[in-house]
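A structural walkthrough
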Amino acid sequence: MSKNSINYQSPSFYGLKMLLNELKVFIKFQLRRMKKVKRTPELIIGIYEKIRKNKLTNLKKMSFETYIHGGNSLRWCLLDNKVCFGIKKTVHLRKLSILESIYLESNAETVIEFGSGDGSNLLFLAKRYPKTKFIGLELSQSSVELSILAAKKFGIKNISFFQTDLTMEKSYNNLLKKNCFVYSMHTLEEMPRIFKIPVSILSKSKVETIAFFEPAYIFSFKRGLLDIARFIRIINKDRLWGLITACKRLMHPRFNIDIIDLGLGIKPENPTTLIMLKRNKN
């Protein structure tokens, strides 16, 4: 898609709208603070339950392409730190392309996704690489069931999905072997204050390559007010504050750590940062 065919909008202009919206949400949150709503496993599961049921209902009519990318919905997204309209699929493909390149470089025999959701990321890879084993670990049982049915529908046999609480080490520690590549795609953001548990478990494992595609906070002047809105969003929803610090503290010096601002976001106010961890062979 050429730049001329994309409807761009200034990140600062869009950021002003998002900033006002996040301030409104923040004020409402503070007024309801006495309710002390916590992001429990049950709350997280409930967020996606309706989405999964709708996708299951429409699964028979879906093509593989539609299942993986969804509809190219009319919404604003972030591409190369520019706010663009109607390019959800383009942004998603860019993320999957980066994920695929990391997998290929890792030479892993097994790929494990933390928080596999509807399984679309893993199914995308598994269909392209039938000799590799793919495993999805997901908190929601309905999401696991949907993923299994989707794999069956599209004839993908080199993939498995398991209902797993990532804070429970015993439920998946035996899967974390030397020949594995482990990644997450906007999963740790749903685990405020407890994301350090899976990070710590990985740090003690033999896994050599880890990639966290998460909205860890990095301020960019290119995004201006959009990143200020993001900052308020993180404070309000308690998401991923300190993920980068935790990775450095728990993984160093056993892992080399690269932190990359991808400038991509299905939601402009929630752009993706890549935290790349490769085990130091020294």
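Reference entry: report on the structure contained in this document. Computed from a predicted model, the values in this text were never measured in an experiment.

1. So, the packing of helix α7 (residues 196–204) against helix α9 (residues 243–251)
- With their axes 10 Å apart at the nearest point, α7 and α9 run at an angle of 25 degrees to one another. The angle between α7 and α9 places the two elements in the roughly parallel class. Between α7 and α9 lies a crossing of right-handed hand. Taking contact as the criterion, the partners of Lys196, Val199, Ser200, Leu202 and Ser203 in α7 are, on α9, Leu243, Ala246, Cys247, Arg249, Leu250 and Met251.

2. Quick look at the pattern of salt bridges
- Taken as a whole, this structure holds seven salt bridges when the rule is applied.
- With a shortest N-O distance of 2.6 Å, Glu105 and Lys278 are connected by a salt bridge. Here Lys278 lies in strand β10 (residues 272–279) and Glu105 lies in helix α4 (residues 88–106), a separation of 173 residues in the sequence.
- Relative accessible area serves as the criterion here: at 55%, Glu105 is assigned to the exposed category.
- By relative accessible area, which is 33% here, Lys278 ends up partly exposed.
- Among the ionic pairs, Arg223 bridges to Asp227, the shortest N-O distance being 2.8 Å. Assigned by exposure class, Arg223 and Asp227 land together as buried.
- What you see here is one network of salt bridges that share partners, running through Arg223, Asp227 and Asp261.

3. What about the packing of aromatic side chains?
- Summed over all chains, the structure comprises eight aromatic pairs.
- Considering the side-chain rings of Tyr103 and Phe134, the 6.1 Å spacing of their centres and the 55 degrees angle between planes classify their relative orientation as tilted. Taken together, the residues span a long stretch of sequence, with Tyr103 in helix α4 and Phe134 in strand β5 (residues 133–138) at a distance of 31 residues.
- A relative accessible area of 6% means that Tyr103 is categorised as buried.
- You can call Phe134 buried: its relative accessible area is 0%.
- Look at Phe114 and Tyr172: their rings are 5.4 Å apart centre to centre, the planes differ by 80 degrees, and that puts the pair in the edge-to-face class. Placement of the pair is Phe114 in strand β4 (residues 110–114) and Tyr172 in the loop between β6 (159–163) and β7 (180–185), with a sequence separation of 58 residues.
- Residue Phe114 is classed as buried on the basis of its relative accessible area of 1%.
- Of the aromatic side chains, those joined through ring pairs into one cluster are Phe64, Tyr67 and Phe154.
- The ring centre of Tyr67 lies 4.1 Å from the NZ or CZ of Lys55, which sits over that ring.

4. So, the nonpolar core
- Among the nonpolar cores identified, the biggest contains 40 residues, and Tyr67, Leu123, Ile159 and Phe181 are the most heavily contacted of them.
- Filtering out sequence-adjacent residues up to four positions away, Phe181 remains in contact with Leu99, Ile102, Tyr103, Ser106, Ala108, Thr110, Val111, Ile112, Thr209, Ile210 and Ala211.
- Ranked by size, the runner-up nonpolar core spans 28 residues in total, among them Ile135, Leu176, Cys180 and Met191.

5. Description of the pairing of β5
- Most of β5 sits out of view: five of its six residues are buried.
- The pairing of β4 with β5 spans five bridges and is parallel. Residue pairing across strands places Val111 opposite Phe134, the latter belonging to β5.
- Between the parallel pair β4 and β5, the chain is carried across by helix α5 (residues 120–128), and the sense of this crossover is right-handed.
- Where β5 lies against β6, five bridges are found, and the strand directions are parallel. From the neighbouring strand, Ile135 faces β6, where its bridge partner is Ser160.

Definitions and limits used
- All residue numbers refer to positions counted from 1 along the written sequence of the respective chain.
- Selection of residues for local features in this predicted model requires a pLDDT of at least 70, selection of side-chain atom pairs for listing and counting requires 80 or more, and totals for whole chains, interfaces and linings are taken over all residues.
- Water and hydrogen atoms play no part in the side-chain values, which are based on all heavy atoms of the structure.
- Think of each axis as a best-fit line through the C-alpha atoms, taken over the contacting stretch in the case of a helix, with angles from 0 to 180 degrees between the N-to-C directions.
- Secondary structure elements are taken from DSSP: a helix is a run of H or I of four residues or more, a strand is a run of E of two residues or more, and numbering for both begins at the N terminus.
- Roughly parallel refers to an angle under 35 degrees, roughly antiparallel to one over 145, roughly perpendicular to one between 65 and 115, and oblique to any angle outside these ranges.
- Left-handed describes a crossing in which the near helix is turned anticlockwise from the far one by less than a right angle; the clockwise case is right-handed.
- Residue contacts are defined here by distance: any two heavy atoms, one from each residue, within 4.5 Å place the two residues in contact.
- By convention in these notes, a salt bridge is any Lys or Arg side-chain nitrogen within 4 Å of a carboxyl oxygen on Asp or Glu.
- Relative accessibility decides the category of a residue: with a 1.4 Å probe and only protein chains considered, values under 20% of the type maximum give buried, values over 50% give exposed, and everything between is partly exposed.
- Classification of ring pairs uses Phe, Tyr and Trp, with its six-membered ring standing for Trp, and accepts pairs whose centres are within 6.5 Å; under 30 degrees between planes counts as stacked, over 60 as edge-to-face, and the remaining range as tilted.
- We count a charge as sitting over a ring when the NZ of a lysine or the CZ of an arginine lies within 6 Å of the ring centre and within 35 degrees of the ring normal.
- Among buried residues, those of type Ala, Val, Leu, Ile, Met, Phe, Trp, Tyr and Cys that are joined through side-chain atoms within 4.5 Å constitute a nonpolar core.
- At least two bridges found by DSSP between two strands is the condition for calling them paired.
- Crossover handedness is defined here as right-handed if the route from the first strand over the helix to the second strand goes clockwise, with the strands pointing away from the viewer.

Take it as geometry only, folks, not as evidence of what the structure does.
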